[in-house]
Amino acid sequence: MKIVAADVVVTSPDRNFVTLKITTDEGITGLGDGTLNGRELSVASYLADHVVPLLIGRDPHRIEDTWQFLYRSAYWRRGPVTMAAIAAVDVALWDIKAKAAGMPLYQLLGGASRNGIMAYGHASGRDSQELFDSIRRHLEMGYRSIRVQTSVPGINAVYGVAAQPSAGGKRYDYEPAQRTALPAEEDWDTRAYLRHLPGVFEAVRGEFGPELPLLHDGHHRMTPIQAAKLGKALEPYDLFWLEDCTPAENQEALRLVRQHTTTPLAIGEVFNTVWDYQTLIREQLIDYVRSAVTHTGGITAMRKLLDYAAQYQIKSGIHGPTDISPVGMAAALHLDLAIHNFGIQEYMQHGPATNEVFRQSFSFTDGYLHPGELPGLGVELDEEAAARFPYQPAYLPFNRLKDGTVHDW
């Protein structure tokens, strides 16, 4: 079998997506997700201009060899653009291999290790009542674990709160990227956030009881000592995890956080290789790996990363917002079902237009996801529908402190 074509499709139903479609001489096609939120065209160009010419004529079954070739032959390694492009190729090749075998992809990864994949949803609100209503809606939708994000008095816009206004109008679902010519500027005050948040979780526990798993995303905005303070303050409310409490590019910073709190820590949605995790995993400074299959080199690389984490009883928490396309989401679900050290899966439901472009076989029932039993990933691209939604420039917002300093967003 040989690769005879590889096409890059950029489409914008609800938001921008980059999809790679690889076709073999036997007529088998595979899809890969190369979406990088706010920088989509950089990956599309990397694929179309530099990677696609290297794929023609290659054996699609040689997945490991192709991965190593794309990673090592460029010399300039790593980085989100490179790793998203490699992920797109890798996932598309796994899709082809599983279709050729006539099996759902998870069977080629060792078969199912569980019956379903526990998912968490994203509840948010500008005040307690709105937050409670959002939690109830998610429970009615079937979610059994809930991420809690809330507005903070004195801060105009906070990541993760869907109902608050933004430069492009009300946010689509919880998608912060806005279809604007320039990034929207938002404000931030860490001390106000640290004062407000423990009371929010006290109220949520008082309303919904001790059994409901609760999560929270700090979105990289605290220093290590601030993160340690928050983790300790949230201990009475028994969080499932505190996510991205501090920028973890400085992996050693998590030592300080770990010394001061037993709140479980999840890190890594902005990471893109196993090298970003070496200290964090080896020293057991985190509890959950948050990388996306789409941004971390695909299924091949994520499986190795999670096997490394398993040696230290660290579990998966694969990134799954709406800037991961249904193709990337399906790849995550097949991996979730197969690995032993699964933790939880983030699941934000896409809009109707996205579901029209990407026909999916995965399901969500009683709080659990399943990738389905169709051969391959179980996702097909409707190229005619995709063509009706051309690319639109969109940017994530950014933060400034009160004195005008650009801050982590």
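Residues numbered from 1 in each chain as written. Predicted model: local features only at pLDDT ≥ 70, side-chain atom pairs only at ≥ 80, totals over all residues. Heavy atoms only, no water.

Draft legend 1. Main features of the overall build of the chain. Along its length, the chain carries 13 helices and 18 strands. Taken over the C-alpha trace, the chain has a radius of gyration of 21 Å; the compact-globule value for 409 residues is 22 Å, and the two agree within 12%. Taken along the three principal axes of its C-alpha coordinates, the chain extends 60 × 45 × 45 Å. Looking at the chain as a whole, 59% of its 409 residues qualify as buried. (Helix = DSSP H or I, 4+ residues; strand = E, 2+ residues; numbered from the N terminus. Rg over C-alpha atoms; globule rule 2.2 N^0.38 Å. Buried < 20%, exposed > 50% of the residue type's maximum accessible area, 1.4 Å probe, protein only.)

Draft legend 2. Region of interest: the sheet that holds strand β2 (residues 17–24). Strands sit in the order β1-β2-β3 across an open sheet of three strands; the sheet is antiparallel. If you trace the sheet from one side to the other, it starts and ends with β1 (3–11) and β3 (29–33), each paired once. In this sheet, adjacent strand axes meet at a mean angle of 20° when their direction is disregarded. Pairing of β2 with β3, which is carried by five bridges, proceeds in the antiparallel orientation. Residue pairing for β3: L20 is matched across the bridge by G32. (Pairing = 2+ DSSP bridges. Axes fitted to C-alpha atoms, helices over the stretch in contact; angles between N-to-C directions.)

Draft legend 3. Region of the structure containing the sheet that holds strand β18 (residues 406–407). Read from one edge to the other, the open sheet built from three strands follows the order β6-β17-β18, with strand pairing classed as mixed. Either end of the sheet is taken by a strand with one partner, and the two such strands are β6 (185–187) and β18. Bridge count for β6 against strand β17 (residues 398–400) is three bridges, and the pairing is parallel. Across the sheet, residue D187 finds its bridge partner in β17, namely R400.

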